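# What the coordinates show
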Amino acid sequence: MSELIDLTAAQAAERIRAGEIAAAELFDAYRERAARDELNAFTWVADAAPEANGQSGTPLGGVPVAVKDLFCTEGVPSQSGSKILKGYRPPYTATVVAKLAEAGAPLLGKTNQDEFAMGSSNENSAFGPVLNPWDRRRVPGGSSGGSAAAVAAGLAPWAIGTDTGGSIRQPAALCGIVGLKPTYGACSRYGMIAFASSLDQAGPFTRDVHDAALLVRHMVGRDPRDSTSLEYPGEIELPRAEDLKGLRLGVPEDLTGSEGGIEPGVRESFEATIKLAEGLGASIEPCRLPHAPQALSAYYLIAPAEASANLARFDGVRYGLRVAGDSDLVTMYSRTRQAGFGAEVKRRIMLGTYALSSGYYDAYYGTAQKVRTKIAEDFRAAFEQFDFIVTPTSPCTAFELGAKMDNPLAMYLNDFLAVPMSLAGIPAISIPSGLSQGLPVGFQLAGPAFSESRLLDAAHALEGAIGFDGRQARR
Ligand code: GLN
């Protein structure tokens, strides 16, 4: 069985196709591992392989996928890490989950996450924190920490999560795996329990870049049920590149300078990776993204503003929890929300409601939107000179559980390098670039909208040169 677990998803699919292993056997091997999960990565695990599993001829071959809790899955708990949705089993399935099942990746389980995807450590989950498989005293990152930990620990061959301001890339970095945030609009948001609708994007967590390409190519496409989804131009190609000849990489000094608080070990790994990129034929030069350091401030107005509107629907009437007592309607609403939401979610609702309130709207929300436009323009200008922008994914490696819970600003700073790309709506990938004091470090590449194929290709070449070994986390 350990041999099965060591296969990448693409290798497993190939063996199934060749008749060397049965899809149900692979499903059961992972199902058993997921059911014995000691990392608290799963909130629900399937109890049997689906009947259609193993049907030959599907492009994903029957290799099961773990799915972040916030994707609605018909008849299966979908609680977005929140007490207010406890016991909610939706009557429908999110488009990307349905697409993956159709392509031959059945649902293995639902993964733990920060409540409503708000967080960078997974400690904001109503279902308890997730542990990092590299060191169980440390966080896996967030908000998609369950998906990242499950893939890194070999409890799932691959997984999906969502990235609003770093929630795929940062946990991928902290867990030593690959995470891709696609172009905004590339994947349908239908059935994703919303955090910030103008930023939320689904994407893959995988052991290598090839698997990421294979999974994401079956997630993208326009969906009539999400008016912000777009027809993907062409098909996402499987990566082949072994070098970076002719590619121009920009290192944005506005982000990688002293402001971001990048740890020495992370900086070392970043610089070593830059050297490898040069060795593969890329040219590397500093570039400017002058407004990017303001991204975090803009994000923490825009995302809470949208969240305050999106979370208004949780009122004890339509979903999950209701705390009624003997009172009137408004008291029932407030008691339900008081008992159902955690501290971080309440903080964001208050921030967002304030930023949108009459008299303050222009000063806060309006200004943040202008900053967002400036950041998108910065990237557009940079991509006239560079193919990709590269940074470390996160300024630090996995930190200890509890280390940042009393300091929201320190927690928010984790996303300093990830949020600019989210505000600009552009794709970005994190690949493991090595270890710092035994903990994984992530390297981020970002490209123009719909450059996923090229981005994956470059990441693939770099991955080959880095030669990261993640086996230690899969025990
Ligand atoms: N950590 C960021 C936040 O707390 C990003 C979360 C996300 O991408 N969902 O909002």
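Structural data are supplied above this passage.
The structure contained in this document is the topic of the report that follows. Small disclaimer: the values here were computed from a predicted structure and weren't measured.

## What about the overall build of the protein?
Along the protein, the regular secondary structure elements total 16 helices and eleven strands. Radius of gyration (C-alpha) of the protein: 21 Å, near the 23 Å computed for a compact globule of 475 residues. A principal-axis box enclosing the C-alpha atoms of the protein has dimensions of 70 × 55 × 45 Å. Across the 475 residues that make up the protein, the buried fraction comes to 62%. In the protein, 75% of the contacts between residues at least 6 apart in sequence involve partners at least 24 apart.

## Considerations on the site of the ligand
Around the ligand, 15 residues are found, and the nearest of them are Gly165, Ser167, Tyr299, Arg348 and Asp415. The backbone of Gly119 places a nitrogen or oxygen atom 2.9 Å from an oxygen atom of the ligand. Note that an oxygen atom of the ligand is positioned 3.2 Å from one of the side-chain N or O atoms of Tyr300. In isolation the ligand offers 290 Å² of accessible surface; the protein chains occlude 100% of this area. Of the residues belonging to the shell around the ligand, the class tally is five nonpolar, seven polar and three charged.

## A few points about unusual backbone geometry
Cis geometry is found at the peptide bond from Gly142 to Ser143, where omega equals 5 degrees. The residue Ser143 is located in the loop between β3 (107-111) and α5 (145-152) in this model. Look at Ala117: it is not a glycine, yet its phi comes out positive at around 65 degrees. With respect to the helices, strands and loops of the structure, Ala117 is situated in the loop between β3 and α5. Given a relative accessible area of 4%, Ala117 falls into the buried group.

## What to know about the packing of helix α10 (residues 295-310) against helix α13 (residues 362-385)
For any two helices packed against each other, the geometry comes down to the angle between their axes and how far apart the axes lie. Where α10 meets α13, the closest approach of the two axes is 9 Å, and the angle between their N-to-C directions is 125 degrees. By the criterion of interaxial angle, the relationship of α10 to α13 is oblique. By crossing handedness, the relation of α10 to α13 is classed as left-handed. Contact residues: Ala295, Ala298, Leu301, Ile302, Ala305 and Glu306 in α10; Tyr364, Tyr365, Ala368, Gln369, Val371, Arg372 and Ile375 in α13. Here the residues of the contact of α10 with α13 are counted per class, giving ten nonpolar, one polar and two charged.

## Overview of the packing of α10 against helix α12 (residues 343-355)
For the pair α10 and α12, interaxial distance at closest approach is 7 Å and the crossing angle is 100 degrees. Between α10 and α12, the crossing angle belongs to the class labelled roughly perpendicular. When α10 is examined against α12, the residues Tyr300, Leu301, Pro304, Ala305 and Ser308 are found in contact with a partner set consisting of Arg348, Ile349, Leu351, Gly352, Thr353 and Ala355. A class-by-class count of the residues in the contact of α10 with α12 yields seven nonpolar, three polar and one charged.

## Some words on the nonpolar core
Membership of the largest hydrophobic core comes to 150 residues, with the highest contact counts inside it found for Phe71, Phe116 and Ile160. No other element matches α10, which puts ten residues into this core.

## Considerations on the pairing of strand β4 (residues 158-163)
Looking along a regular strand, one sees the side chains alternate between the two faces of the sheet. Among the six residues in β4, six count as buried, and that is most of the element. Across three bridges, the pairing between strand β2 (residues 65-68) and β4 is parallel. Bridge pairing in β4 links Ala66 to Ala159. The sheet contact formed by β4 and strand β6 (residues 201-206) spans five bridges and is antiparallel. Bridged to Ala159 within β6 is Phe205.

## Some remarks on the side chain of Asn132
The topology assignment puts Asn132 in the loop between β3 and α5. At a separation of 3.0 Å, a polar atom in the side chain of Asn132 contacts the main-chain carbonyl oxygen of Val139. Apart from the residues within four sequence positions on either side, Asn132 is in contact with Arg138, Val139, Pro140, Leu174, Cys175 and Ala398.

## Remarks on the pattern of salt bridges
Enumeration according to the criterion identifies 21 salt bridges in this entry. A salt bridge links Arg138 to Asp135, with the nearest nitrogen and oxygen atoms 2.9 Å apart. Each member of the pair, Arg138 as well as Asp135, is classed as buried. As a salt-bridge pair, Glu235 and Arg217 come within 3.5 Å of each other at their nearest N and O atoms. Of the two residues, Glu235 sits in the loop between α7 (209-216) and β7 (248-252) while Arg217 sits in the loop between α7 and β7, which places them 18 residues apart along the sequence. One salt-bridge network, held together by shared partners, links Asp135, Arg137, Arg138 and Glu400.

Conventions we followed
Residues numbered from 1 in each chain as written. Predicted model: local features only at pLDDT ≥ 70, side-chain atom pairs only at ≥ 80, totals over all residues. Heavy atoms only, no water. Helix = DSSP H or I, 4+ residues; strand = E, 2+ residues; numbered from the N terminus. Rg over C-alpha atoms; globule rule 2.2 N^0.38 Å. Buried < 20%, exposed > 50% of the residue type's maximum accessible area, 1.4 Å probe, protein only. Contact = heavy atoms within 4.5 Å. Near = heavy atom within 4 Å. Polar contact = N/O pair within 3.5 Å; in protein donor to acceptor, adjacent residues only side chain to side chain. Areas by Shrake-Rupley, 256 points an atom, 1.4 Å probe, with all protein chains shown as cover. Nonpolar A, V, L, I, M, F, W, Y, C, P; charged D, E, K, R; others polar. Axes fitted to C-alpha atoms, helices over the stretch in contact; angles between N-to-C directions. Parallel < 35°, antiparallel > 145°, perpendicular 65-115°, else oblique. Left-handed = near helix turned anticlockwise from the far one by under 90°. Core = buried A, V, L, I, M, F, W, Y, C linked by side-chain atoms within 4.5 Å. Pairing = 2+ DSSP bridges. Salt bridge = Lys/Arg side-chain N within 4 Å of Asp/Glu carboxyl O.

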